[in-house]
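Overview (structure and organization)
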Amino acid sequence: MKTLICGLGSIGRRHLRNLVQLGQHDILLYRTGKSTLPEEELEAFKTYGDLDEALAQKPEAVVISNPSAFHIPVALAAARAGANLMIEKPISNTLEGLKELDEILHTQNKQALVGFHFRYHPVLQQIKAELESGNLGRTLSAQAHWGEYLPAWHPYEDYRKTYAGRLDLGGGVTLTLSHPIDYLRWMFGEVEGVSASLAKLSDLEIDVEDNAEITLHFKEGAIAHLHLDYYQQPPIHSLQILCSQGVVQWENSSGAAKIYSCKDGQWRSFMLPYGFERNDLFLAEMKHFMEVCEGAKPICTLQDGAAALQVALMAHDSSHHLSRMVQMESAWRLDGKISSKSCAEERYDLKRS
């Protein structure tokens, strides 16, 4: 399978290594040359500095891992060229172009997979199954916490120059650490309301928010509070879910979860498989993308990515109007109608007729 990778920062290079590990060697690279990472591991691959020239090689699959603000222009060009897409999260920092992208993919009979890799976490998958089983009763509320010191993410890079810390590249903690938005929606269903307070609190030299306090109201009645930050040391990423008949506790550091059931009064532990490594999430994601290119339904669709993006944009909108909750309108299911604007974005329908 001929694959084009667009963007060779840290995540693009991880995808490159994983493709090779999965036995793929017909790999092309499109890059602007702005990465500060070493060049050696890229020397074996044909590299293009012009996107049209790269797409003229007719790749069957395109991995979009450049900065978030530039995802959609590349995705549109790749979709028009007839490729299946894997788009890193967040899919963009704006809703502009997503409806057009969906229509092109539909016309071309191609698909897009969005890169929320926590959907492949074995223990989170077990938690989702436990919630769906009804053993814990109704899901009532949740607390998700993810704090991590931005300069420690990639010590080999100047954090001030990375997309995560730059407004012009689509950064900010709400978009960059949007995984919990996706996995909460994946577990609890659609979001109908968002209230949030976003701020720049630390001394980090960035022009985006480094703190987000977000409350999500789900259609099925659950409420979740999400804390995100760029300054916590040591990092903590955890999730607690309260149900009418039990409790779920998960820690990303160990990957393990504990689940208490009121029915039997017992705690049960859910552990990662022996030998599990973080990269296994990305390997599973890339393996799934190869299956998507063969016709499998994406685990995380373009519509899922649009939903997570819209929640993040609603959090920004709510923060600008601190006293009110922003009502979601399930915009990706509005049957083609354009509703009122929020965050200066047009909402759009991604439900295909």
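The residue numbering used here restarts from 1 in each chain and proceeds along that chain's sequence as written. For this predicted model, a pLDDT threshold of at least 70 governs which residues receive local features, and a threshold of 80 or more governs which side-chain atom pairs are given and counted, while totals over whole chains, interfaces and linings are taken from all residues. Neither water nor hydrogens contribute to the side-chain values; these are computed over all heavy atoms in the structure.

Under the scheme used here, helices are H or I runs from DSSP no shorter than 4 residues and strands are E runs no shorter than 2 residues, and both carry numbers assigned from the N terminus. A tally of regular secondary structure across the protein gives nine helices and 15 strands. Only C-alpha atoms enter the radius of gyration; for comparison, a globular chain is expected to reach 2.2 Å times N to the power 0.38, where N is the number of residues. For 353 residues, the compact-globule formula gives about 20 Å, and the C-alpha radius of gyration of the protein, at 20 Å, lands near that figure. When its C-alpha atoms are laid out on the principal axes, the protein stretches across 60 × 50 × 45 Å. Think of it in three bands: residues with accessible area under 20% of the maximum for their type are buried, residues over 50% are exposed, and the middle band is partly exposed, with areas taken using a 1.4 Å probe on protein chains only. Counting all 353 residues of the protein, 55% fall into the buried class. Taking as baseline every contact in the protein between residues at least 6 positions apart, the subset at least 24 positions apart corresponds to 67%. As presented, the protein carries roughly 15600 Å² of accessible surface, and 49% of it is formed by carbon and sulfur atoms. When charges are counted, Lys and Arg contribute as positive and Asp and Glu as negative, whereas His and the chain ends are disregarded. By convention, the point assigned to a charge is CZ for Arg, NZ for Lys, CD for Glu and CG for Asp. Where the 34 positive side-chain charges of the protein centre and where its 45 negative ones centre are 4 Å apart. Should any heavy atoms of two residues lie within 4.5 Å, those residues are counted as being in contact. Only the protein chains shown count as covering a residue, and every accessible area follows the Shrake-Rupley method with a 1.4 Å probe.

Turning to the pattern of salt bridges, a few remarks are in order. For this analysis, a salt bridge means a side-chain nitrogen from Lys or Arg found within 4 Å of a carboxyl oxygen belonging to Asp or Glu. Counted under the stated rule, the structure contains 14 salt bridges. Notably, a salt bridge pairs Glu39 with Arg31, separated by 2.8 Å at the nearest N-O pair. Look at Glu39 and you get partly exposed, because its relative accessible area is 37%. Residue Arg31 is classed as buried on the basis of its relative accessible area of 13%. Among the ionic pairs, Glu103 bridges to Lys99, the shortest N-O distance being 3.3 Å. Taken together, the positions of Glu103 and Lys99, both in helix H4 (residues 98-108) and four residues apart, correspond to about one turn of that helix. Taking the relative accessible area as the measure of exposure, Glu103 reaches 40% and is therefore partly exposed. Because the salt bridges share partners, they merge into one network encompassing Arg119, Asp182, Arg185, Glu190 and Asp304.

For the pair helix H3 (residues 71-80) and H4, interaxial distance at closest approach is 9 Å and the crossing angle is 20 degrees. Taken together, the axes of H3 and H4 lie roughly parallel to each other. Read as a crossing pair, H3 and H4 show a hand that is left-handed. Residues Ile72, Ala75, Leu76, Ala79 and Arg80 of H3 lie in contact with H4, whose contacting residues are Leu98, Glu100, Leu101, Ile104, Leu105 and Gln108. Here the contact of H3 with H4 is composed, by residue class, of eight nonpolar, one polar and two charged. Helix axes are fitted to C-alpha atoms over the stretch in contact, other axes to C-alpha atoms as well, and angles between N-to-C directions run from 0 to 180 degrees. Our angle categories are set so that under 35 degrees counts as roughly parallel, over 145 as roughly antiparallel, 65 to 115 as roughly perpendicular, and the remainder as oblique. In this scheme the handedness of a crossing depends on how the near helix is turned from the far one: anticlockwise by less than a right angle means left-handed, clockwise means right-handed. Charged residues are taken to be Asp, Glu, Lys and Arg, nonpolar residues to be Ala, Val, Leu, Ile, Met, Phe, Trp, Tyr, Cys and Pro, and polar residues to be all remaining types, Gly included.

Strand order in the open sheet made by the six strands is S3-S2-S1-S4-S5-S6, with parallel pairing throughout. Only two strands of the sheet have a single partner each, and these edge strands are strand S3 (46-48) and strand S6 (112-115). Direction aside, neighbouring strands of the sheet carry axes that sit 20 degrees apart on average. As judged from the three bridges shared by strand S2 (residues 27-30) and S3, these two strands associate in the parallel manner. When DSSP locates at least two bridges between a pair of strands, those strands are taken to pair.

So, about the pairing of strand S13 (residues 257-261). Here S13 shows a buried face lined by Ala257, Ile259 and Ser261 and an unburied face lined by Lys258 and Tyr260. Between strand S12 (residues 246-251) and S13, which pair antiparallel one after the other, the connecting turn spans five residues, and Gly255 there sits at a positive phi close to 80 degrees. The pairing of S13 with strand S14 (residues 266-270) spans five bridges and is antiparallel. Within S14, the residue paired with Ile259 across the bridge is Arg268. Between S13 and the antiparallel strand that follows it, S14, lie four residues; Gly265 among them carries a positive phi value of about 65 degrees.

Attention now goes to the packing of helix H5 (residues 122-133) against helix H7 (residues 179-188). Where H5 contacts H7, the two axes come as close as 9 Å, and the packing angle between them is 30 degrees. Between H5 and H7, the crossing angle belongs to the class labelled roughly parallel. Where H5 approaches H7, its residues Leu124, Gln125, Ile127, Lys128 and Leu131 are matched on the opposing element by Tyr183, Trp186, Met187 and Phe188. Residues of the contact of H5 with H7, tallied by class, amount to seven nonpolar, one polar and one charged.

Our next topic: the pairing of strand S7 (residues 139-147). Here S7 runs beside strand S11 (residues 236-243); their pairing, made up of eight bridges, is antiparallel. Residue Ala142 lies in a different strand from S11, and its bridge partner there is Ile241.

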